[in-house]
Amino acid sequence: MLQKLKKIDGPVIFILVLLMAISIITVYSAGRGPTNLAEHGNDYQKMIGYYILGFVAILGLAMVDFRIFIKKALYVYGGGIFLLGLGFFGGTVNNSQGFLKIGGLNLQPAEVFKLVLIVFLTYMLIKKRKSKLYFIQDVLPVALVSFVPFAMVMAQNDLGNALGYIVIVIGMLWIGNVKASHALIGFIVFAVAVGGGIKAYISFHDEIDSFMKGIGRSHWVERLDPWLVPEEATAKASYHTKNAKLAIASGGMMGKGFLQGTSVQSGRVPYTYADSIFVVVAEEFGFVGSSVLLLLYFILIHRMILISLECRDRAGPYIIVGIVSMLLYQIFENIGAFLGIMPLTGITLPFISYGGTSLLINMASIGLVMSIKVHGQELEDDLPQPSRLSLTKAKKA
């Protein structure tokens, strides 16, 4: 066991400790405002507890050979779908359904399924070794098994996590050696779909608005309007992002100082303890503080990529690329929403935002990466082998 502990990546753990410090400080500051003090004044204490559990999860997972999860991937996927199904009977938080109350923790199955999806897609893709992925035999099955949880989470009104599944699939298909022609076609289809969707949204805004109200999704319009048609956005719809931008800009180079953010402390920016936590960093610690946070993210992801390059078996890199895709999406979407370059989806900022499920899943992800660092130097032995058809096509290619 001691030999395994020595193999854990020290820089990654050190970065997580720094992110923990930033999280506790910013969550504490966000909870001091008059609108948050009564309900969220002690959230920073809960975050300390969640981080302790998270580090325990990292050490525990690092001791376990990650290939065990790959071998049991069918059970992992089935359990994940069952958990998502239970989400339909769960509570609702900020318009998103699917929160299960377990003790003092609001467990969100949609967050848990990110890791489930990464493990199961790894199980599917490692059978190919380095041969090209073919659309009918390989890409289509991946899309189908990913569409099921995507549809379930969309039905639970959680757009942010549903989009995260798509990013994970794209990242893992890319490292899975998808054919260049298929990647190009996919990119063109995606660009046309997004461009056409934006054009249709702008052109038929009133009709879409009426339809969304009819199906109980009016808050989607409130999130998209400030991004796509700010002139059509109501004062309520633009309130969040408008005040967030003003707060970020007011932070300047060095920020206003800890607990001195006027927008944060006055409560003009909603959900500063969770989705809007970056606004706290930017207003109170300025461009310098924001840059330090982004630098820590960069170093963390860089270390993870190095671990994937050092891994000797074929499953480790797939898992790490899936986790990197997941984290990059969350970082870009969360920060981009408050800079006006992405729609507001209510997704958390990794390792910083208040939230037990989100933090524990991200820490468990790092635990899997540490398991790859510890066990990944061993050549795979009894992982699922590639099919004969795959090997035959690989030789022909």
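Scroll up to find the structure this text is about.
Here's a quick rundown of the structure.

Calculation criteria
- Residues numbered from 1 in each chain as written.
- Predicted model: local features only at pLDDT ≥ 70, side-chain atom pairs only at ≥ 80, totals over all residues.
- Heavy atoms only, no water.
- Helix = DSSP H or I, 4+ residues; strand = E, 2+ residues; numbered from the N terminus.
- Rg over C-alpha atoms; globule rule 2.2 N^0.38 Å.
- Buried < 20%, exposed > 50% of the residue type's maximum accessible area, 1.4 Å probe, protein only.
- Pairing = 2+ DSSP bridges.
- Polar contact = N/O pair within 3.5 Å; in protein donor to acceptor, adjacent residues only side chain to side chain.
- Contact = heavy atoms within 4.5 Å.
- 1 Å grid on protein atoms, 1.4 Å probe; cavity = no way out; pocket = protein on both sides within 12 Å on 5 of 7 lines; lining within 4 Å.
- Points joined across faces, edges and corners; volume = space filled by probe spheres on them.
- Nonpolar A, V, L, I, M, F, W, Y, C, P; charged D, E, K, R; others polar.
- Expected span 1.5 Å × (residues − 1).
- Axes fitted to C-alpha atoms, helices over the stretch in contact; angles between N-to-C directions.
- Parallel < 35°, antiparallel > 145°, perpendicular 65-115°, else oblique.
- Left-handed = near helix turned anticlockwise from the far one by under 90°.
- Core = buried A, V, L, I, M, F, W, Y, C linked by side-chain atoms within 4.5 Å.
- Arc of directions from axis to C-beta.

1. A look at the overall build of the protein
- Each helix and strand in the protein was counted, giving 18 helices and three strands.
- In terms of overall dimensions, the protein is globule-like: its C-alpha atoms have a radius of gyration of 22 Å, near the 21 Å expected for 397 residues.
- Its C-alpha atoms give the protein principal-axis dimensions of about 65 × 55 × 40 Å.
- The buried share among the 397 residues of the protein stands at 51%.

2. A short note on unusual backbone geometry
- Its identity as a non-glycine residue notwithstanding, Y271 has a phi of 55°, on the positive side.
- With respect to the secondary-structure elements, Y271 resides in the loop between α14 (262–266) and α15 (277–310).
- For Y271, a relative accessible area of 32% gives the class partly exposed.
- Even without a glycine there, the phi angle at F351 is positive, about 70°.
- Within the element layout of this structure, F351 appears in the loop between α16 (315–339) and α17 (356–375).

3. Considerations on the pairing of strand β2 (residues 96–102)
- With three bridges connecting them, strand β1 (residues 91–93) and β2 associate as antiparallel partners. Bridge assignment links G91 to a residue of β2, and that residue is F99.
- With three bridges joining them, β2 and strand β3 (residues 105–107) adopt antiparallel strand pairing. What sits directly across from L100, in β3, is L107.

4. Structural notes on the side chain of K114
- Secondary-structure assignment places K114 in helix α7 (residues 109–125).
- Among the residues examined, K114 registers a relative accessible area of 2% and is labelled buried.
- Of the polar contacts made by the side chain of K114, one reaches the side chain of E111; its length is 3.1 Å.
- Apart from the residues lying within four places of it in its own chain, the contact partners of K114 are N161, Y165, I168, M326, Q330 and I347.

5. Examining empty space enclosed by the protein
- A complete count under the given rule lists one cavity of 30 Å³ or more for this structure.
- Lining the largest cavity are D275, E333, N334, A337, F338, L344, T345, G346 and I347.

6. Describing the layout of surface pockets
- In this structure, the largest pocket occupies an estimated 2,000 Å³ of space.
- If you trace the largest pocket, you find 48 residues lining it, with L163, I166, I170, F190 and V194 closest to the centre.
- Secondary structure elements with two or more residues in the lining of the largest pocket: α8 (135–155), α9 (159–175), α10 (180–203), α11 (205–214), α12 (218–228) and α16.
- Residues of the lining of the largest pocket, tallied by class, amount to 39 nonpolar, seven polar and two charged.
- A volume near 740 Å³ is recorded for the second largest pocket.
- V93, N94, F99, Y354 and G355 are, among the 32 residues lining the second largest pocket, the residues nearest its centre.
- Put simply, the parts of the chain that give the lining of the second largest pocket at least two residues each are α3 (37–40), α4 (43–63), β2, β3, α9 and α17.
- Looking at the lining of the second largest pocket residue by residue, the classes come out as nine nonpolar, 15 polar and eight charged.

7. Things to note about α9
- The terminal C-alpha atoms of α9, which comprises 17 residues, lie 25 Å apart, in line with the 24 Å expected from a rise of 1.5 Å per residue.
- Those residues of α9 that fall on the buried side of the exposure criterion are G160, N161, A162, G164, Y165, I168, V169, G171, M172 and L173.
- On its buried side, α9 packs onto α6 (73–87), α7, α8 and α16.
- In the stretch just after α9, N177 is the one whose phi turns positive, near 75°.

8. Digging into the packing of helix α13 (residues 235–250) against α15
- One way to put it is that α13 packs onto α15 with a least axis distance of 6 Å and a crossing angle of 30°. The pairing of α13 with α15 is recorded here as roughly parallel in orientation. In terms of crossing hand, the pair formed by α13 and α15 is left-handed. For the pair formed by α13 and α15, the contact residues are A244, A247, I248 and S250 on the first element and F278, V279, A282 and E283 on the second.

9. Describing the nonpolar core
- Ranked by internal contacts, the top residues of the largest apolar core, which has 100 residues, are L16, L19, M304, I323, F351, I366 and M370.
- For I323, the contacting residues outside a window of four places in its chain are L115, I118, M304, S365, L368 and V369.
- If you look at the next biggest cluster of nonpolar residues, it comprises six residues, including M212, V221, L228 and V229.

10. Describing the sheet that holds β1
- Strand order in the open sheet formed by three strands is β1-β2-β3, and the pairing between neighbours is antiparallel. The two strands at the open ends of the sheet, each matched to only one other strand, are β1 and β3. Neighbour to neighbour, the strand axes of the sheet diverge by 55° on average, direction disregarded.

11. Regarding α6
- For α6, with 15 residues, the first-to-last C-alpha span of 21 Å sits near the 21 Å given by 1.5 Å per residue.
- Where α6 is concerned, the buried positions are A73, Y77, G80, L84, G85 and G87. Axial view of α6: buried residues confined to an arc of 150°, hence all on one face. Pointing more than 90 degrees away from the buried face of α6 are the exposed residues L74, Y75 and F82.
- Buried-residue contacts for α6 involve α5 (67–71), β2, α7, α8 and α9.

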